[in-house]
Structure formats: structure tokens, C-alpha cells
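Letter by letter, the chains look like this.
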Amino acid sequence: MAGDETRFKSAFDSLHALAYFAPEVDAALTGAGLRPGRMPYFASRSAAMGAVGPEVVAATFYNFNPEVVARVIPRAWTLATPEQVLDARLDGVDKALTRLLGDHVKSDEVAEAAELAREATAGCTGEGRPLYAAHAGLAWPGEPHLVLWHAITLVREYRGDGHIAALVLEGLGGLEALVTHSATGRGFNLAAAKLTRGWSDEQWAAAESRLTGRGILDAGGALTDAGAALRDRLEVATETAARAPWDHLGPERTARLEELCRGLSRRVIEAGAFPDGVFALGRP
């Protein structure tokens, strides 16, 4: 897909990320045995990889505090199996999308978007993409709105795995990546970034100090010219690594899928899929 991170997020990412905020998904996961709080997120996103340990989750999720991950993983797997977690997540997503889209959940637009999105994933391969590969190994759901959600999940994790590779090449660890992304003004606001990713004020300040020493941040915590250039390189590298599904789909069908998903994203956002004030741009 030709475009930048903001275009991807506004057109596609909201249709996946709603699963992390919808009360239906949280209720389904806690109903399966998981404890409320952070456990449903870490378990539901990692369950496709099996009953992995906290080290694997922290490595593949990248910008979360490993100490926070270790508080709930592997305990989650003693409360519900990965298969039970995956079933519960899909059930919750089904209920959430039905609520957020209303009668439109059965529309021709959703069915068309599902078909196009599924075809786009045929251009992806699993080499070096652990989260994508794990989710690609799951069975496809039957209903079009769930096919669409699963396809967008695959594309999102494929893109995310490539982004992590770019971060590693630039020498940015998980916290440093989060700090610099927050400094762009295009992601979480500062308070939400610390809270959702589990980093303390002291850990955040230490990362800022390291980045200042590297010339990436200035004394006020803003990106320097070198820091802005680094973030630009990361975006270009991420876009390049994420091109396979869109190259496979072709420009005309990609443009149509983007048009459809942008409209669907607008619907779920207007229906209250995300809390106000969490994201710097108003949506994930």
C-alpha cells in the first residue's frame, strides 16, 4: 500500500485494535478464566504462539515492560489454554463488531472488504515474522466480518514484525522506540504510553536520558533533527517491509479495500470503539 503510518492506522488498524478496548472481548476472555486487567491483552495476542513464556511475549510485543508481562504470563496458561483464549477472543470480537457496526455488519461492503483483505494476506510469508506466522496458522473464521478482522490482524502483525526488525537495525530497544514514537505526536499521548506499556516515570526518564546522549532527543524531550530523520527512516523501512500484501492485491483492489476499511473504521470509531483522549491523533 502506498502511504504512511497514519494512513494505515486510519484505514485498517482500528478494525483490529478495537479488540483491545471492547467490553465484549474483555468479558469473553475473563469468562474463559483469565483475570481482569492486563492478562487478557497479553494472553489473547500471544495465544496463537501457544503457551509461551514471558520472554517470548516481551520480545515479540517489543515495547512493553518485561516486568509487567511476567506478572501475568505464564500464569494465564494455568487458567485457560491458548485454544480457549483464542476461541473467547473471536467470540468477543464477533459481539463487539456486531454492536459497533449494527445492521451494517451483514452488508455487501463488509463482505467485499473481507474478500479483498483475505486475498491480500496471500501475499504475506512468515520468514522472520513470528507474530504474523503464528496467527497465519489459525483457521479462518466463517462470517465475513470475522474474516475481515482476522485478515486485518494478519496484515497488522506482518507489518509489526517488520517494524521491529527496523527498530533493531536502528538500535532502538522497546522503551526507546516507544519514547521516540510518542515524541512524534502520532501515537499514544505520554501518560497513556507509560500506563499501557507499563513503564515508570523513572524508567521513562532514563530512556530519555539515553536518547539525549545519542543526540536523538533534545534537553526538552523533543526529537532533534537527527531523531526526526531516524523516525522517518523507520517509517520508510516499515512501509517497504509491509508492501507484500498490497503488491499482491494490486493498486486498484488495494485502493478499493482502503476505501471500504476507512469507512468501516469511521463507523466503529463513531460508535465508541475507543476511549477519548488515549491517542494523540484521536485513534490507534
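A. Representation of the pattern of salt bridges. For the coordinates displayed, the defined rule picks out 14 salt bridges. Between K194 and D201 there is a salt bridge, with the nearest N and O atoms lying 3.1 Å from each other. Note on K194: relative accessible area 17%, which makes it buried. The shortest N-O distance in the salt bridge between D247 and R243 comes to 2.7 Å.

B. Structural view of the layout of surface pockets. The computed volume of the second largest pocket comes to approximately 160 Å³. In terms of residues, the lining of the second largest pocket owes the most to one element, helix α7 (residues 82-101), which gives four residues.

C. Just the confidence of the model for the chain, in detail. In the predicted model, the chain carries a mean pLDDT of 93, and the fraction of residues at 70 or more is 94%. Note on residues 280-284: pLDDT under 50 across the span, and 18 contacts to partners over four residues away in sequence or across chains.

D. Molecular detail of empty space enclosed by the protein. In total, this model carries one cavity of 30 Å³ or more according to the counting rule given. Counted as a void, the largest cavity has a volume near 50 Å³. Every residue lining the largest cavity is listed: L15, L97, L101, H145, L148, W149 and L264. Those elements that place two or more of their residues in the lining of the largest cavity are α7 and α10 (144-169). The element that contributes the greatest number of residues to the lining of the largest cavity is α10, accounting for three residues. In terms of residue class, the lining of the largest cavity is built from six nonpolar, one polar and no charged.

Rules and cut-offs
- Residues numbered from 1 in each chain as written.
- Predicted model: local features only at pLDDT ≥ 70, side-chain atom pairs only at ≥ 80, totals over all residues.
- Heavy atoms only, no water.
- Salt bridge = Lys/Arg side-chain N within 4 Å of Asp/Glu carboxyl O.
- Buried < 20%, exposed > 50% of the residue type's maximum accessible area, 1.4 Å probe, protein only.
- 1 Å grid on protein atoms, 1.4 Å probe; cavity = no way out; pocket = protein on both sides within 12 Å on 5 of 7 lines; lining within 4 Å.
- Points joined across faces, edges and corners; volume = space filled by probe spheres on them.
- Helix = DSSP H or I, 4+ residues; strand = E, 2+ residues; numbered from the N terminus.
- pLDDT = per-residue confidence, 0-100.
- Contact = heavy atoms within 4.5 Å.
- Nonpolar A, V, L, I, M, F, W, Y, C, P; charged D, E, K, R; others polar.

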